[in-house]
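Below, each chain spelled out in residue letters.
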Amino acid sequence: MEPFDIDWIDRFEGLKRLPPDIRADLTQGSQILSAPAGTQIFAPGQSADNLLLLLEGSVRVQQKSDTGREVFLYRVHAGESCVLTTACMLSFEDYAADGIAETDVRAVAIPRKTFDALVARSAVFRTFVFTAYSRRITDLFTLIDDIVFQRMDVRLATRLLELADETGTVVATHAILASELGTAREVISRTLAEFQRRGWIEQSRGKLSLIGRAGLERMVRLA
């Protein structure tokens, strides 16, 4: 547990309108936690005892299929809550997926007692919880639609553009990209080889560079 940052509430747009008494109860009933990159934040079968609001870093949420393949579901970024945690807390169910810290993270942990009390007492807090929940559910339906209907080369191009940093570098292995897109590593390798042949990317161990970003953007735009 870290010394409490009294200003963390204002980092979440939906919480800024909380009245002083609710803000006080929320800060007093919560704590800030830190975890290094690679930490398993939650795992299948684990109970959801705290609502997690991310202050810094990113958490990757993924699920294993019956065949053992890891399927990427979504990322939680700073300023967001985890929809799976919310769902588990509302339904009193255990986690059915993994949450992995992709970077060093800091998060606010709101225990169930505080969560339940504020959902019951505060319309502002309740709206914050359910707005974030509905937004992420919409994202998950979009993911399902992409998996079922969109071409893999277009999905991969889209994800590379999303993951690239300001220099155009994507730090990810073929296996990670396969997990992100719910497909086989071999499919990713073949598609990346075609992107490289077209002069859109250069590959190296564990990362790749977008050297023909315009080509990838054109593919996504015309799909």
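Model, not experiment: these values are computed from the prediction.

A.B. asks: Give a description of the sheet that holds strand 7 (residues 105-111) that names residues and reports values.
C.D. replies: Judged by pairing direction, the sheet is antiparallel, and its three strands sit side by side in the order 1-7-3 without closing on themselves. Of all the strands in the sheet, the pair left with one neighbour each is strand 1 (31-35) and strand 3 (50-56). Neighbour to neighbour, the strand axes of the sheet diverge by 30 degrees on average, direction disregarded. Strand direction decides the pairing type here: strand 1 and strand 7, joined by five bridges, are antiparallel. Counted as the bridge partner of Ala-35 is Val-105 from strand 7. Along the sheet, helix 2 (residues 83-91) makes contact with strand 3 and strand 7, crossing strand 3 at roughly 160 degrees. Here helix 3 (residues 112-121) sits on the sheet in contact with strand 3 and strand 7, set at roughly 65 degrees to strand 7.

A.B. asks: Break down the side chain of Gln-62 for me, with residues and values.
C.D. replies: Position of Gln-62 relative to the elements: it lies in strand 4 (residues 58-64). Side-chain polar atoms of Gln-62 contact the side chain of Arg-60, separated by 2.5 Å. Apart from residues no more than four positions distant in its own chain, Gln-62 is found in contact with Glu-70, Val-71, Phe-72, Leu-73, Ala-97, Asp-98, Ile-100 and Ser-179.

A.B. asks: A description of the domain arrangement of the chain should follow, citing residues and the corresponding values.
C.D. replies: Here the chain is described as being made up of domain 1 (4-147) and domain 2 (150-222). One C-alpha centre belongs to domain 1, the other to domain 2, and the line joining them spans 29 Å. Between domain 1 and domain 2, roughly 820 Å² of surface is buried when both sides are summed, and carbon and sulfur atoms account for 38% of that area. When the shortest N-O distance is used, the salt bridge between Glu-180 and Arg-75 registers 2.4 Å. Counting across the interface, domain 1 meets domain 2 through four residue pairs in polar contact (both at pLDDT 80 or more). Of the residues forming the side of domain 1 that touches domain 2, the biggest block, four residues, is contributed by strand 5 (residues 70-77). Its residues placed into classes, the side of domain 1 that touches domain 2 shows three nonpolar, one polar and six charged.

A.B. asks: Mind laying out the environment of Phe-42, listing which residues take part and the relevant values?
C.D. replies: Looking at where Phe-42 falls in the secondary structure, it is placed in strand 2 (residues 40-42). Its relative accessible area of 2% is what places Phe-42 among the buried residues. For the pair Phe-42 and Pro-19, spaced 23 residues apart in sequence, the C-alpha to C-alpha distance is 31 Å. Phe-42 has contacts with Val-61, Cys-82, Leu-84, Thr-85, Tyr-95, Ala-97, Asp-98 and Gly-99, leaving out every residue within four places of it along the chain.

A.B. asks: Quick rundown of the layout of surface pockets? Include the residues and the values.
C.D. replies: Space inside the largest pocket adds up to approximately 560 Å³. Together, 21 residues line the largest pocket, and Phe-72, Tyr-74, Arg-75, Arg-159 and Glu-162 are the ones closest to its centre. For the lining of the largest pocket, the secondary-structure elements that each account for two or more residues are strand 5, helix 4 (123-149) and helix 5 (152-163). No other element matches the six residues that helix 4 contributes to the lining of the largest pocket. Its residues assigned to classes, the lining of the largest pocket comprises seven nonpolar, five polar and nine charged.

A.B. asks: Before we move on, can you summarise the nonpolar core with the specific residues and values?
C.D. replies: One broad trend across soluble globular proteins is that nonpolar side chains are buried collectively. Residues Trp-8, Leu-15, Leu-26, Leu-53, Leu-84, Ile-110 and Phe-125 are the most contacted members of the largest nonpolar core, which totals 38 residues. Ignoring anything within four residues of it in the chain, the contact list for Leu-53 reads Trp-8, Phe-12, Leu-15, Glu-80, Ser-81, Ala-107, Val-108, Ile-110 and Phe-128. The next biggest cluster of nonpolar side chains, apart from the first, holds 21 residues, and it includes Leu-156, Val-170, Leu-210 and Met-219.

Procedures and definitions
Residues numbered from 1 in each chain as written. Predicted model: local features only at pLDDT ≥ 70, side-chain atom pairs only at ≥ 80, totals over all residues. Heavy atoms only, no water. Pairing = 2+ DSSP bridges. Helix = DSSP H or I, 4+ residues; strand = E, 2+ residues; numbered from the N terminus. Axes fitted to C-alpha atoms, helices over the stretch in contact; angles between N-to-C directions. Contact = heavy atoms within 4.5 Å. Polar contact = N/O pair within 3.5 Å; in protein donor to acceptor, adjacent residues only side chain to side chain. Domains from an automatic or database assignment. Buried area = accessible area lost by both parts, 1.4 Å probe. Salt bridge = Lys/Arg side-chain N within 4 Å of Asp/Glu carboxyl O. Nonpolar A, V, L, I, M, F, W, Y, C, P; charged D, E, K, R; others polar. Buried < 20%, exposed > 50% of the residue type's maximum accessible area, 1.4 Å probe, protein only. 1 Å grid on protein atoms, 1.4 Å probe; cavity = no way out; pocket = protein on both sides within 12 Å on 5 of 7 lines; lining within 4 Å. Points joined across faces, edges and corners; volume = space filled by probe spheres on them. Core = buried A, V, L, I, M, F, W, Y, C linked by side-chain atoms within 4.5 Å.

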